[in-house]
Amino acid sequence: MGSYLDIPVNVVIAPDSKVYDGWTNQHSAILEFSSGFYHRQSRTIFLKNPKYLKNISNIRKLLLHEYIHHFVGSFWKDPPLWFNEGMAVYFSNDMGIERELNFAKNYILGNSRQLEQMKKAYPVNMIEWESFYAKSGLAVKYLYTKKRRSFYRLWDKAGSTGNFEIAFLNSFFMPTRTFSDQFEVYSKTHFKTAILMASTGLIWGVLPLILIVGVIRKKIKNEKTVESWENNVYIVPEEINIEERIEEHEEK
């Protein structure tokens, strides 16, 4: 985004799962299924022990995700939850094709809420959590890619009032409620595109298998053809008595 601010943050790593579970129990139910979280009051990122995070890239992505929460919090005290989570998901490169397809699936199943319903709290139903993150990330992706100049203006206007709703209105020339309605219309088109991408990917994934099956079938057919030729060709004996054949012919 072009901002390189010196905003220090505390990072605390749990020595084991028991300690981390104790931290999450003090905050939110949704954190029980996370590998890290940001606590705004203490300006601290809490992480699971790295041995549970599989590889270094996961640790890097997780730290960036939580630091973005810290970054957003340094500009506004009241950003909508969908914007806060969407910033962390999209700019930590966690908005992959799997998340896009998950969004499409949950949209069809009716597990997707409008952005206006995602301003203050996470969904109570666990089934909607992944859809919440996916839609938040898509919303920020939309603002950044489709309205980039206004997106940059949003950060420039953050310092004037510290109020997100006013900064959003002055940057995009519409309230967040109106954007919620507009994005809902966009979502209907986007989930169809995601399904098309999935079907196209499926075709390319199955195509090599189809080619292999075709080669095997052709090989089997060729072997059967050769076998058929061998069974129908008259083989001349190696030793033939020419004189006997001449005598037989003369007698006839």
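With that out of the way, let us pick up the overall build of the chain. Scanning the chain from terminus to terminus reveals ten helices and three strands. Listing the helices and strands of the chain from first to last along the sequence gives β-α-β-β-α-α-α-α-α-α-α-α-α. With 252 residues in all, the chain has 36% of them scored as buried. Sequence separation of 24 or more characterises 65% of the internal contacts of the chain that already satisfy a separation of 6 or more. Surface accessibility of the chain: about 16,600 Å² in total, with carbon and sulfur atoms responsible for 56%.

Viewed as axis vectors pointing N to C, helix H3 (residues 81-91) and helix H5 (residues 129-146) meet at an angle of 80 degrees, and their least axial separation amounts to 7 Å. Taken as axis vectors, H3 and H5 run roughly perpendicular relative to one another. Facing Leu81, Trp82, Phe83, Glu85, Gly86, Met87, Val89, Tyr90 and Phe91 of H3, the residues of H5 in contact are Phe132, Tyr133, Ser136, Gly137, Ala139, Val140, Lys141, Leu143, Tyr144 and Thr145. Looking at side-chain class alone, the contact of H3 with H5 contains 13 nonpolar, four polar and two charged residues.

Before going further, it helps to spend a moment on the nonpolar core. Ranked by size, the top nonpolar core spans 37 residues in total, and within it Trp76, Phe83 and Phe179 carry the most contacts. Listing elements by their share of this core, those giving two or more residues are helix H2 (56-73), H3, helix H4 (97-109), H5, helix H6 (148-156), helix H8 (164-172) and helix H9 (176-232). Among the elements that make up this core, the one with the highest residue count is H5 (nine residues). The residues touching Trp76, leaving out its near neighbours within four places in the chain, are Arg40, Phe83, Leu154, Trp155, Ala158, Gly162, Asn163, Phe164 and Ala167. In terms of nonpolar packing, the next biggest core, distinct from the first, is built from six residues, Tyr38, Leu53, Ile59 and Leu62 among them.

On to the side chain of Glu85, then. For Glu85, the position within the fold is in helix H3. Overall, Glu85 belongs to the buried group, its relative accessible area being 5%. Those residues in contact with Glu85, other than ones at most four positions away along the chain, are His65, His69, Tyr122, Phe132, Tyr133 and Ser136.

Moving on to the pairing of strand S3 (residues 44-47). Side chains of S3 alternate between two faces, with Thr44 and Phe46 and Ile45 and Leu47 buried alike. Both strand S1 (residues 10-13) and S3 contribute to a ladder of four bridges, which runs parallel. Across the sheet, Ile13 pairs through a bridge with Leu47, a residue of S3. As defined by bridge partners, strand S2 (residues 36-39) adjoins S3 across four bridges and the pair is classed as antiparallel. Along S3, the bridge assignment pairs Tyr38 with Ile45. Between S2 and S3, which follow one another and run antiparallel, lie four residues, and Arg43 among them has a positive phi close to 50 degrees.

Moving on: the packing of aromatic side chains. Scanning all chains against the criterion turns up 34 aromatic pairs. Between the aromatic rings of Tyr122 and Phe132, the centroid separation amounts to 5.2 Å while the plane-to-plane angle is 50 degrees, which identifies the pairing as tilted. Linking Tyr122 in the loop between H4 and H5 with Phe132 in helix H5, this pair joins segments that are ten residues apart in sequence. The buried category is assigned to Phe132, whose relative accessible area is 2%. Between Arg148 and the ring centre of Tyr144, over which it is positioned, the NZ or CZ distance is 4.0 Å.

Rules behind the numbers
Residues numbered from 1 in each chain as written. Predicted model: local features only at pLDDT ≥ 70, side-chain atom pairs only at ≥ 80, totals over all residues. Heavy atoms only, no water. Helix = DSSP H or I, 4+ residues; strand = E, 2+ residues; numbered from the N terminus. Buried < 20%, exposed > 50% of the residue type's maximum accessible area, 1.4 Å probe, protein only. Contact = heavy atoms within 4.5 Å. Areas by Shrake-Rupley, 256 points an atom, 1.4 Å probe, with all protein chains shown as cover. Axes fitted to C-alpha atoms, helices over the stretch in contact; angles between N-to-C directions. Parallel < 35°, antiparallel > 145°, perpendicular 65-115°, else oblique. Nonpolar A, V, L, I, M, F, W, Y, C, P; charged D, E, K, R; others polar. Core = buried A, V, L, I, M, F, W, Y, C linked by side-chain atoms within 4.5 Å. Pairing = 2+ DSSP bridges. Phe/Tyr/Trp six-rings, centres within 6.5 Å; stacked < 30°, edge-to-face > 60°. Lys NZ or Arg CZ within 6 Å of the ring centre and 35° of its normal.

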